[in-house]
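# Observations on chain architecture
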Amino acid sequence: MDISRDIVGVAEEVHVAIRSAPYGLQSTTAKANFWLHSMVVVIIGYNPSGMDISRDIVGVAEEVHVAIRSAPYGLQSTTAKANFWLHSMIERAEEDGTIVFQDGSGDVITLVKNRTYVWSCLEYKYSFPFLGDGNKAAGICVDDNQSRPILEVALGPPNREDGVGPLYKHVFPPQLAPHIAFIGLPFKGIPFPLFQLQSNWVAGVLSGRIELPSQEKMMHDVETFYLEMEARGCPKRYTHGLTPTVCACSCFEYEDWLVEQCGLEKIEEWRKVIHIAARTKVSDQPESYRDEWDDDHFLAQAHNDFTKYF
């Protein structure tokens, strides 16, 4: 998703910079980013990609500025790095190249042609061209992020790509199940074990071992899900986000539900605790969360569980 196109006044050369940045937007090593030397870099988004990229290039670029869409009120813009700043989302770009931020803090960045790169580090763009043309393909929609209520969008033609639906439990379109299934849409969870569980569920359904509810029951579940999202005031871009603020269950509850459907053992508790601790460390210790750990007491439990597979 290129949110920079929605920022008033951002010039075309900025979009060209986004599209043609050498080595790709997700480049994460200082060696690959030598071309950023003496550049001013503006990163839009501060989820894992934006967080990692900003810290990987801060030792190379002249300045690194991060615009955070969900920035907390009173965000402290300065950091431990003299050339690294955090900001609220960009409100607009003036004709002279000055960027103005939404919080009215007075912080500004001046874009300099050929010396500034803007990186968009936001959600993935959903696209399924093999299903047909347009945003509504084979009865499957990509969700409009802003203009209409989420339930209406899920059942009618959308305009932009921010979610996929209607899907029962993020996998099966009720009107097409079990002939089409989507693996890997959810986020805010433990990705690969989750995707494996989804794959096991789909395989069980296709083999006839697991039976799906009726189309009417699946559609009712989807409608309830969208209504709960609206009631919580959740942005539509979080349609597949496995957090209690978005849906009625956390990532672990969703995984446990899949495990139950597949007749498998539940994910070990120590994995869940490590995951929660890791997410907390990313927020609390962004500079050192990969290097400083105090989870040795889980090693014995992990070793004991791993022996079951040998």
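The paragraphs below set out a description of the structure included in this document. (Residues numbered from 1 in each chain as written. Predicted model: local features only at pLDDT ≥ 70, side-chain atom pairs only at ≥ 80, totals over all residues. Heavy atoms only, no water.)

## Observations concerning the overall build of the chain
Going by this rule: Put simply, DSSP H or I for four residues or longer makes a helix, DSSP E for two residues or longer makes a strand, and each gets a number counted from the N terminus. Partly exposed describes any residue whose relative accessible area lies between the buried limit of under 20% and the exposed limit of over 50%, with all areas from a 1.4 Å probe on protein chains only and scaled to the type maximum. Between two residues, a contact is recorded if the distance between any of their heavy atoms is within 4.5 Å.
In terms of helices and strands, the chain carries eight helices and ten strands. Counting over 310 residues, the chain shows a buried share of 45%. Of all intrachain contacts in the chain linking residues separated by at least 6 positions in sequence, the fraction that spans at least 24 positions is 53%.

## Comments concerning the side chain of H65
Stated precisely, the cut-off is as follows: We call two N or O atoms a polar contact when they sit within 3.5 Å, provided that within protein one can donate a hydrogen and the other can accept it, with sequence-adjacent residues counted only if both atoms are side-chain atoms.
Its place among the elements puts H65 in strand β2 (residues 63-68). Among the polar contacts made by the side chain of H65, one reaches the side chain of E63 at a distance of 2.8 Å. Aside from chain neighbours lying at most four places away, what touches H65 is V40, V41, V42, I43, W85, H87 and I109.

## Points about helix α4 (residues 191-207)
Spelled out, the test is: Here, expected helix span is obtained from the residue count minus one, scaled by 1.5 Å. When we speak of the arc, we mean the arc of directions from the helix axis to the C-beta atoms.
Look at α4: 24 Å from first C-alpha to last across 17 residues, which is about the 24 Å you get at 1.5 Å a residue. Every buried residue of α4 is listed here: L194, L197, Q198, W201, V202, G204 and V205. For α4, the angular spread of buried residues about the axis comes to 160 degrees, placing them on one side. Turned more than 90 degrees from where α4 packs its buried face, F192, Q196, L206 and S207 sit exposed. Two residues or fewer after α4 comes G208, characterised by a positive phi angle close to 90 degrees.

## Structural notes on the pattern of salt bridges
Going by this rule: Each salt bridge in this description consists of a side-chain nitrogen of Lys or Arg and a carboxyl oxygen of Asp or Glu lying within 4 Å of one another.
This model, assessed by the stated rule, comprises five salt bridges. Several salt bridges converge on common partners, so that one network encompasses E265, D305 and K308.

## Here we look at a nonpolar patch on the surface
Spelled out, the test is: Each patch is built from residues that are more than 30% exposed by relative accessible area and take part in no salt bridge. Like charges join if they lie within 9 Å; nonpolar side chains (Val, Leu, Ile, Met, Phe, Trp, Tyr) join within 5 Å. The protein chains shown are the only cover counted for residues, whose accessible areas, like all others here, come from Shrake-Rupley with a 1.4 Å probe.
A surface patch of nonpolar side chains, about 440 Å² in accessible area, is lined by F306, Y309 and F310. Tracing the sequence through the fold places F310 in the segment after α8 (299-306).

## Structural notes on the environment of P286
Counting through the fold element by element, P286 comes out in the loop between α7 (269-284) and α8. Residues contacting P286, with those up to four places away along its chain left out, are M51, R55 and K281.

## Some points on the side chain of H275
As for its position among the elements, H275 is in helix α7. Discounting residues that sit within four places of it in the chain, H275 has contacts with G189, I190, C251 and F252.

## Side note on helix α5 (residues 215-232)
Under the 1.5 Å per step criterion, the end-to-end length of α5 is 26 Å for 18 residues, consistent within 8% with the ideal 26 Å. Those residues of α5 that sit buried are M218, M219, V222, F225, Y226 and M229. The buried side chains of α5 occupy one side of the element, clustering within an arc of 115 degrees when seen end-on. Along α5, the residues that are exposed and aim more than 90 degrees away from the buried face are E216, K217, H220 and A231. Phi for G233, located one or two positions after α5, is positive at around 70 degrees.

## Points about the layout of surface pockets
In this approach a probe as big as a water molecule rolls over the atoms, and the regions it shows empty are the leftover space. Under the convention used in this document: Only protein atoms enter the 1 Å grid, on which a cavity is a set of points fitting a 1.4 Å probe that cannot get out and a pocket is an open set with protein on both sides within 12 Å along at least 5 of 7 lines, lining residues being those with an atom within 4 Å of a point. Grid points are joined across faces, edges and corners, and a volume is the space filled by probe spheres set on the points. Side-chain classes are defined by residue name, with Ala, Val, Leu, Ile, Met, Phe, Trp, Tyr, Cys and Pro counting as nonpolar, Asp, Glu, Lys and Arg as charged, and the others, Gly among them, as polar.
Approximately 360 Å³ is the volume attributed to the second largest pocket. The greatest single-element share of the lining of the second largest pocket, amounting to four residues, is contributed by α4. Grouping the constituent residues of the lining of the second largest pocket by class yields six nonpolar, two polar and five charged.

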